[in-house]
Amino acid sequence: MAESKKIILGIAGGIAAYKTPELVRRLRERGAEVQVVMTRSAEEFVTGTTLQAVSGLPVRSNLWDKDAEAAMGHIELARWADLVLIAPATAEIMSRLASGAAPDLLTTLCLATHAPLVIAPAMNHVMWSNPAVQANRQVLEARGVRILGPDRGDQACGETGEGRMVEPDAIAAAVTGPTIVADVERPPLIGRKVMITAGPTREAIDPVRYISNRSSGKMAYAMARAAAAAGAEVVLISGPVELTTPDGIQRVDVESAREMFAATHERIDNIDIFIAAAAVADYCAESVQENKIKKTEARMSIELVRTPDILASVAELENGPFTVGFAAETENLREYAISKLEKKNLDMIVANQVGRNRGFDSDDNKVDVFWTAGEQSFPMMPKTELAVALIKLIGERYLERSAPGTRGELADRARIIHE
Ligand SMILES: Cc1cc2nc3c(=O)[nH]c(=O)nc-3n(C[C@H](O)[C@H](O)[C@H](O)COP(=O)(O)O)c2cc1C
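Residues numbered from 1 in each chain as written. Predicted model: local features only at pLDDT ≥ 70, side-chain atom pairs only at ≥ 80, totals over all residues.

Asks: So what's going on with the domain arrangement of the chain? Residues and values would help.
Replies: As assigned here, the chain comprises domain 1 (6-183) and domain 2 (193-418). Put simply, the middle of domain 1 and the middle of domain 2, counted by C-alpha atoms, are 41 Å apart. (Domains from an automatic or database assignment.)

Structural data, given as structure tokens:
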């Protein structure tokens, strides 16, 4: 149970607002301090007088209330909260939250707070299943907003379906209980910029032929999605793959290792975490034939030269990002991975065994992760799940490196001052 948790209870204009005096009481019984903030529409459903009586605090509703602002400005109020709960959340307020609009006190607070946001939607079941509402739900979820319900059952409109607000007692238990509180913590990478390289590269031999590899890009794309869900701004530098771009991610398409090198370095400034998940060709043809090579000779050879080492070049940057490499090996995985970590001066390396039906192009993967002070193994699991676990681990190590007093934090500060 949370001790004296400070909760802003935002009430929007849904019929379920009539249950909010009960919700305030349940929250207070569990030791929470509750500051009610109502939308203009909510005032049509429940009175401020009732909510003031049960919460013990003056109700806030107007962004332009000079007296209330003088007592506790909206920014102070946003800072005061340990958690913002909106119950009931209307389709309308979900839309404002998803788009970042802030025309009223409640939505302004939501933008101005560092506190986790929990919403309990309540609406007619047809409204809830509307694609626009579902799209907003997805956007909010991806940003780390915790969504409680809605429940299925009889609705105020006389119909039955999914759209009822979760009962006040269950909401109060959820937001003051230990599990959900951990669940709704601020996404760990909010405000951080993550760059991920993905897929194979293609190294041209002549206008129609190239050297490439079996990388599908699935792991990197899953990591991009997971990093965005953890709150990061994500740039994906992608080789040729058959995958759709995850929502909200900036994708830059490239073909060869040289193009990937250039695209990476053009955008590397201000990147906090660099994850080199692309399977970049190690060699390319020394010279690309202008015309298609004819099959006139019984044997032929192509002179290959090394491609630029993108990962090493980023790891070498002064005050560069937290750098994570991938090692795809068919043998001696651990040994190669640790040697690559050390030789290239990386912060972390993710090692995966590749070969027939393993690693490349499959939907599942199993990896070992190494960093200077430790290692962790992840068993075989879907790449989508593995990506979430890897982003969590990378985020933790990155934040540890940036912890007060460390080299990383000093670099971070220098960058902020420089900006
Ligand atoms: C009687 C009545 C009941 C309503 N109930 C709901 C509801 O349960 N859920 C909902 O999303 N909107 C409901 N609405 C529509 C909202 O009140 C309307 O979209 C309003 O603009 C919401 O504003 P707010 O989100 O700022 O409170 C209802 C409207 C009326 C007139």
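Asks: Outline the sheet that holds strand β17 (residues 348-353), listing residues and values.
Replies: With respect to topology, 8 strands assemble into an open sheet ordered β12-β11-β8-β13-β16-β17-β18-β19, the strand pairing being mixed. Each edge of the open sheet is held by one strand with a lone partner, namely β12 (250-253) and β19 (374-382). Ignoring which end each strand starts from, the neighbouring axes of this sheet average 15° apart. As judged from the 6 bridges shared by strand β8 (residues 193-198) and strand β11 (residues 233-238), these two strands associate in the parallel manner. Pairing of A198 across the sheet is with S238, part of β11. On the sheet, helix α15 (residues 383-401) packs against β13 (273-276), β16 (322-329), β17, β18 (364-371) and β19 and is oriented at approximately 160° with respect to β19. (Pairing = 2+ DSSP bridges. Helix = DSSP H or I, 4+ residues; strand = E, 2+ residues; numbered from the N terminus. Axes fitted to C-alpha atoms, helices over the stretch in contact; angles between N-to-C directions. Contact = placed C-beta atoms within 7 Å.)

Asks: I'd like a description of the sheet that holds strand β1 (residues 6-11), backed by residues and values.
Replies: Sheet strands pair via backbone hydrogen bonds, and the direction of the pair is either parallel or antiparallel. Read across the sheet, 5 strands follow the order β2-β1-β3-β4-β5 without closing on themselves; strand pairing throughout is parallel. Of all strands in the sheet, those with a lone pairing partner are β2 (33-38) and β5 (146-147), marking the two edges. Where β1 lies against strand β3 (residues 83-89), 4 bridges are found, and the strand directions are parallel. Among the inter-strand pairings, G10 is bridged to a residue of β3, identified as I86. Along the sheet face, helix α1 (residues 20-29) touches β1, β2 and β3 and points at about 170° away from the line of β1. Along the sheet face, helix α6 (residues 105-112) touches β1, β2, β3 and β4 (117-121) and points at about 125° away from the line of β2.

Asks: Outline the site of the ligand, supporting the account with residue identities and numerical values.
Replies: In the region of the ligand, 15 residues are neighbours, and G13, G14, T39, T90 and M123 sit closest. Of the residues forming the shell around the ligand, the biggest block, 3 residues, is contributed by helix α5 (residues 91-99). By residue class, the composition of the shell around the ligand is 9 nonpolar, 5 polar and 1 charged. (Near = placed C-beta within 6 Å. Nonpolar A, V, L, I, M, F, W, Y, C, P; charged D, E, K, R; others polar.)

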